[in-house]
Amino acid sequence: MTSFSTDTPAFVLHRGTRPLLVSMPHRGTYLPPSVAQRLTDEARTVPDTDWHMDRLYDFARELGASILMATHSRYVVDLNRPPDNANLYPGQDTTGLCPVDTFDKTPLYANGVGPDDAEIAARRDAVWRPYHAALAEELARLRAEHGTVGLWDAHSIRSVLPRFFDGKLPDFNLGTANGASCDPALGERMLAIANEAQGYTAVLNGRFKGGYITRQYGNPAEGVHAVQLELSQCTYMSEQYPFDYDAALAGRLQPTLRRMLEGVLEFVEGR
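Overview of the structure.

The rules behind each value
- Residues numbered from 1 in each chain as written.
- Predicted model: local features only at pLDDT ≥ 70, side-chain atom pairs only at ≥ 80, totals over all residues.
- Heavy atoms only, no water.
- Helix = DSSP H or I, 4+ residues; strand = E, 2+ residues; numbered from the N terminus.
- Rg over C-alpha atoms; globule rule 2.2 N^0.38 Å.
- Buried < 20%, exposed > 50% of the residue type's maximum accessible area, 1.4 Å probe, protein only.
- Contact = heavy atoms within 4.5 Å.
- Phe/Tyr/Trp six-rings, centres within 6.5 Å; stacked < 30°, edge-to-face > 60°.
- Salt bridge = Lys/Arg side-chain N within 4 Å of Asp/Glu carboxyl O.

What follows deals with the overall build of the protein. When its secondary structure is counted, the protein shows six helices and seven strands. Taken from the N to the C terminus, the helices and strands of the protein come in the order β-β-α-α-β-α-β-β-α-β-α-β-α. Expected size for 271 residues packed as a compact globule is a radius of gyration near 18 Å; at 18 Å, the protein falls within 12% of this value. Structurally, the protein occupies a C-alpha span of about 55 × 40 × 35 Å along its principal axes.

A few words now on the environment of Phe 59. By the secondary structure assignment, Phe 59 is in the loop between helix H2 (53-56) and strand S3 (66-70). The exposure class of Phe 59 is buried, given its relative accessible area of 4%. Sequence-distant contacts of Phe 59, defined by excluding residues within four places in its chain, comprise Gln 254, Leu 257, Arg 258 and Leu 261.

Let's shift gears to the packing of aromatic side chains. One pass over the full model with this rule turns up eight aromatic pairs. Look at Trp 51 and Phe 243: their rings are 5.0 Å apart centre to centre, the planes differ by 15°, and that puts the pair in the stacked class. A residue pair is termed long-range when its members are at least 10 positions apart, and Trp 51 in the loop between helix H1 (33-36) and H2 and Phe 243 in the loop between strand S7 (224-232) and helix H6 (247-269) qualify at 192 residues. Across the pair, Phe 243 and Trp 51 agree in class, each one buried. On the basis of an interplanar angle of 90° and a centroid distance of 5.8 Å, the ring pair of Tyr 241 and Phe 243 is categorised as edge-to-face. A residue is classified by how much of its surface remains accessible, and Phe 243, at 6% relative accessible area, is buried.

Once that is clear, we can look at the pattern of salt bridges. Overall, the coordinates contain 20 salt bridges when judged by the stated rule. Ionic pairing is found between Asp 183 and Arg 271, a salt bridge with its closest N-O pair at 3.2 Å. A residue pair is termed long-range when its members are at least 10 positions apart, and Asp 183 in the loop between strand S5 (172-175) and helix H4 (184-196) and Arg 271 in the segment after H6 qualify at 88 residues. For Arg 271, a relative accessible area of 53% puts it in the exposed group. Residues Glu 262 and Arg 258 are paired through a salt bridge, measuring 3.3 Å at the closest nitrogen-oxygen approach. You can see Glu 262 and its partner Arg 258 sitting in helix H6, four residues apart, about one turn around the helix. One salt-bridge network, in which partners are shared between bridges, spans Arg 15, Glu 138, Arg 141 and Glu 145.

Printed below as a string of structure tokens:
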């Protein structure tokens, strides 16, 4: 059995003043030495990261939003998967709670041996549980103060990934668990904002309908309206190593993202 430990906190939290929490569960890149030393050279570059989320959403603080950011790579533990590792998309290929391969299906572990059950449990306790405790506590704080809150789960992914979808992904992939994680009117409003942006494509509840976070915490009857946005990475960065941020592309994209978050705030503050 390989032991697991980490000396890095699982998250960074900025507490805002308005009823919106932006969650970034896949922006982390940290690999504890006990994990990194077992990975392939490719895996240590953490190619499946949701790159530059904090920079892309740098305006969220100006809007008064709370921001919860993961620190550890999804290769350590995937914060948007159920703790029991259930498949959120039955019949479709997905990566697990503690992945053993990349999105291109190349092995992560140099010797081909991933974490055993004990190590998975240790990773879950050290990284997954603290992140979700912070998420739940911040939502509870915002609800106590404001009554109704929005949860925006911010993601990005390569635009072409045959393992998960055919062809090229739309630019804006909005997910509301088929309308269950928020008032359906909010999902439609987000889609309308995306469709108003010139030169982009958008879909609501297409291939990505929202992962564990959207489905677990979105509860409109209890005043929590959750939306996931899976952005195509070609809209703001290079999809090839070293995955550079493209300020010109991002600058064109950010006004639409800002309108979306403003739209969520207008919706929940009007309830």
